[in-house]
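# Per-entry structural report
Each chain, written out:
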Amino acid sequence: MDAHLEKLWNTLEKVDDHAVTVRAWGGKLAGVLAAGGRLLACGNGGSAAEAQHLTAELVGRFRDDRQPYAAIPLHGDGSSFTAIVNDFGADEVYARQVRAHGRPGDVLVCLSTSGGSRNVLAAAAAAQESGLVAWAMTGPAPNPLAELCDEAVAVPGETATVQEVHLALIHLLCDALEEAL
């Protein structure tokens with residue numbers, strides 16, 4: 001087996017126990033969205049792309065045709081993003097949007113391979129202050145983001161492998177959500 005694929009395979013085996021957690025998140029998220037709540041998602045770089053992938057699956061569809069659900073990738077509004085960075089600094093770029101768009105009971109999904117991105121940590125803190133549920137998908141634990149969020153799934157390994165596993169977990173979350181709906 002190719003060395004890259006072997007790392008991925010071995011890491012997937014290590015996180016298999018987290019499938020129960022992610023499936024539970026899907027059930028909880030189904031209840032939030034069905035009741036008119038929303039999902040906010042954030043991350044940097046590849047994690048931002050995965051946050052956007054998650055929200056696209058919910059606004060569009062994952063497997064089945066169904067109604068669209070409110071899901072916002074917090075990096076997706078370029079004008080707000082740049083205005084916030086300009087006026088308040090990069091550390092506030094997601095937290096300010098959590099305060100603007102999040103309502104008590106909504107869910108924030110934080111993606112970070114390091115678990116230490118200051119702007120993602122600030123978003124999780126803003127979620128806690130605003131009454132949102134905060135879930136994290138991170139790289140190796142312990143890390144500050146996993147400790148700050150209500151629940152976390154920490155994936156061991158290097159950045160590329162962590163990101164690949166995060167995408168598999170995102171699809172698992174979507175699958176569980178659609179099953180619950």
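The present account deals with the structure reproduced in this document. Nothing here was measured: the structure is a model prediction, and the numbers come from that model. (Residues numbered from 1 in each chain as written. Predicted model: local features only at pLDDT ≥ 70, side-chain atom pairs only at ≥ 80, totals over all residues. Heavy atoms only, no water.)

## A few points about the overall build of the chain
- The helix and strand inventory of the chain stands at eight helices and five strands.
- If you line up the chain on its principal axes, its C-alpha atoms span 50 × 35 × 25 Å.
- For the chain, the accessible surface area stands at approximately 8200 Å², while carbon and sulfur atoms represent 53% of it.
- Averaging the locations of the 12 positively and 23 negatively charged side chains of the chain gives two centres separated by 5 Å. (Helix = DSSP H or I, 4+ residues; strand = E, 2+ residues; numbered from the N terminus. Areas by Shrake-Rupley, 256 points an atom, 1.4 Å probe, with all protein chains shown as cover. Lys, Arg positive; Asp, Glu negative; His and termini not counted. Charge placed at Lys NZ, Arg CZ, Asp CG, Glu CD.)

## As for the packing of aromatic side chains
- As enumerated under the stated definition, the model contains two aromatic pairs in all.
- With a centroid separation of 6.1 Å and 65° between ring planes, the pair formed by Phe81 and Tyr94 is classed as edge-to-face. One end of the pair, Phe81, is in helix H4 (residues 78-88); the other, Tyr94, is in the loop between H4 and helix H5 (95-101), with 13 residues separating them in the sequence.
- Residue Phe81 is classed as partly exposed on the basis of its relative accessible area, which comes to 25%.
- Looking at Arg96, its charged tip hangs above the ring of Phe88, at a distance of 3.9 Å from the centre. (Phe/Tyr/Trp six-rings, centres within 6.5 Å; stacked < 30°, edge-to-face > 60°. Buried < 20%, exposed > 50% of the residue type's maximum accessible area, 1.4 Å probe, protein only. Lys NZ or Arg CZ within 6 Å of the ring centre and 35° of its normal.)

## Re the state of the cysteines
- Tallying each qualifying case throughout the model produces zero disulfides.
- In this model Cys42 remains outside any disulfide bridge; the closest cysteine sulfur is found in Cys110, 4.1 Å from its own.
- There is no disulfide at Cys149, and the cysteine sulfur nearest it, in Cys110, is 4.3 Å away. (Disulfide = S-S within 2.5 Å.)

## A closer look at the packing of helix H1 (residues 3-15) against helix H8 (residues 159-180)
- At their nearest, the axes of H1 and H8 sit 10 Å apart, and the two run at 55° to each other. With respect to H8, the axis of H1 lies oblique. Seen along the crossing, H1 lies across H8 with a hand that is right-handed. Mapping the contact onto sequence places His4, Lys7, Leu8, Thr11, Leu12 and Val15 in H1 and Thr161, Glu164, Val165 and Ala168 in H8.
- Within the contact of H1 with H8, the residues separate by chemical class into five nonpolar, three polar and two charged. (Axes fitted to C-alpha atoms, helices over the stretch in contact; angles between N-to-C directions. Parallel < 35°, antiparallel > 145°, perpendicular 65-115°, else oblique. Left-handed = near helix turned anticlockwise from the far one by under 90°. Contact = heavy atoms within 4.5 Å. Nonpolar A, V, L, I, M, F, W, Y, C, P; charged D, E, K, R; others polar.)

## Here's the deal with helix H3 (residues 46-59)
- When the terminal C-alpha atoms of H3 are compared, their 20 Å separation across 14 residues agrees well with the 20 Å that a helix rising 1.5 Å per residue should span.
- Turning to H3, its buried residues are Ser47, Ala48, Glu50, Ala51, Leu54, Thr55, Glu57 and Leu58.
- Where H3 is buried, its residues contact helix H2 (19-34), strand E1 (39-42), strand E2 (71-73), strand E3 (107-112) and H8. (Expected span 1.5 Å × (residues − 1).)

No statement about biological role is implied by the geometric values presented.
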